[in-house]
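Working through the structure, step by step
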Amino acid sequence: MTGLSNADVVAQLGWTLQVIYDSTGGRICRFWRPPYGDVDLRVDAIAREVFGLKAVVWNHEYVPYSRVICTPPNLASALRIGTLVTVQ
């Protein structure tokens, strides 16, 4: 996102928010995740001031093989920050 112009940042966020709004029956986003964490003060200000969005970033790399497969009875014990849970 940091390599985009101001107009392109507005366009990317605006079109994405419109698709989400249209496909969810009118839900409005309050948060966004910058692709690859690619955000700076300028992009964050546009997201915040134009769309009211708060950026959500993390400092741990996603590891797809760290999934926990469980059934509903042991679901609560499997929940940990950063764990992807698949319910079967």
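Counting from 1, residues in each chain are numbered in the order their sequence is written. This being a predicted model, a pLDDT of at least 70 is required before a residue's local features are given, and a value of 80 or more before pairs of side-chain atoms are given or counted; all residues contribute to the totals for chains, interfaces and linings. Excluding hydrogens and water, the side-chain figures rest on all heavy atoms present in the structure.

**Remarks on helix H2 (residues 41-51)**
Accessibility here uses a 1.4 Å probe with only protein chains present; expressed as a share of the type maximum, an area under 20% marks a residue as buried, one over 50% as exposed, and anything in between as partly exposed. For helices the rule is a DSSP run of H or I covering at least 4 residues; for strands it is a run of E covering at least 2, with both sets numbered from the N terminus onward. When we look at burial in H2, the residues that qualify are Val43, Ala45, Ile46 and Ala47. Residues of H2 that are buried sit in contact with helix H1 (6-23) and strand S1 (31-32). At the C-terminal side of H2, Gly52 shows a positive phi close to 70°. Every residue pair with non-hydrogen atoms within 4.5 Å of one another is taken to be in contact.

**Some points on a nonpolar patch on the surface**
Exposure above 30% relative accessible area and the lack of any salt bridge qualify a residue for a patch; like charges then connect within 9 Å, and the nonpolar side chains Val, Leu, Ile, Met, Phe, Trp and Tyr within 5 Å. Method for areas: the Shrake-Rupley scheme with a 1.4 Å probe, in which residue coverage is limited to the protein chains shown. We define a salt bridge as a side-chain nitrogen of Lys or Arg found within 4 Å of a carboxyl oxygen belonging to Asp or Glu. A cluster of nonpolar residues, Phe31, Val56 and Trp58, forms a patch on the protein surface that exposes about 310 Å² of accessible area. Note that Phe31 resides in strand S1.

**Points about the confidence of the model for the protein**
The score called pLDDT rates the predictor's confidence residue by residue, from a low of 0 to a high of 100. Of all residues in the protein, 66% attain a pLDDT of 70 or more, and the chain-wide mean is 79. For the protein, per-element mean pLDDT is lowest for strand S4 (residues 85-87), which scores 47, and highest for H2, which scores 95.

**Observations regarding the pattern of salt bridges**
Under the definition given, this model contains two salt bridges. Across the pair Asp44 and Arg48 runs a salt bridge, and its minimum N-O distance is 3.6 Å. A residue pair is termed a helical-turn pair when its members lie 3 or 4 positions apart in one helix, as Asp44 and Arg48 do in helix H2 at four residues. The shortest N-O distance in the salt bridge between Glu49 and Arg48 comes to 3.6 Å. By relative accessible area, Glu49 is classed as exposed at 61%. What you see here is one network of salt bridges that share partners, running through Asp44, Arg48 and Glu49.

**Quick notes on the packing of H1 against H2**
Lines fitted to the C-alpha atoms define the axes, with helices restricted to the stretch that makes contact. Angles between their N-to-C directions range from 0 to 180 degrees. Between H1 and H2, the shortest axis-to-axis distance is 10 Å and the interhelical angle comes to 50°. Regarding the angle of H1 to H2, the classification is oblique. Seen from above, H1 lies across H2 with right-handed handedness. Together, Asn6, Val9, Val10, Leu13, Gly14 and Leu17 of H1 and Arg42, Val43, Ile46, Ala47 and Phe51 of H2 make up the contact between the two elements. Per-class residue counts for the contact of H1 with H2 are eight nonpolar, two polar and one charged. Note that the term roughly parallel is reserved for angles under 35 degrees, roughly antiparallel for angles over 145, roughly perpendicular for angles of 65 to 115, and oblique for everything else. Helix crossings get a hand from a simple test, with the near helix turned counterclockwise from the far one by less than a right angle marking a left-handed crossing and a clockwise turn marking a right-handed one. Ten residues, namely Ala, Val, Leu, Ile, Met, Phe, Trp, Tyr, Cys and Pro, are considered nonpolar, four, namely Asp, Glu, Lys and Arg, are considered charged, and the remaining ones, Gly among them, are considered polar.

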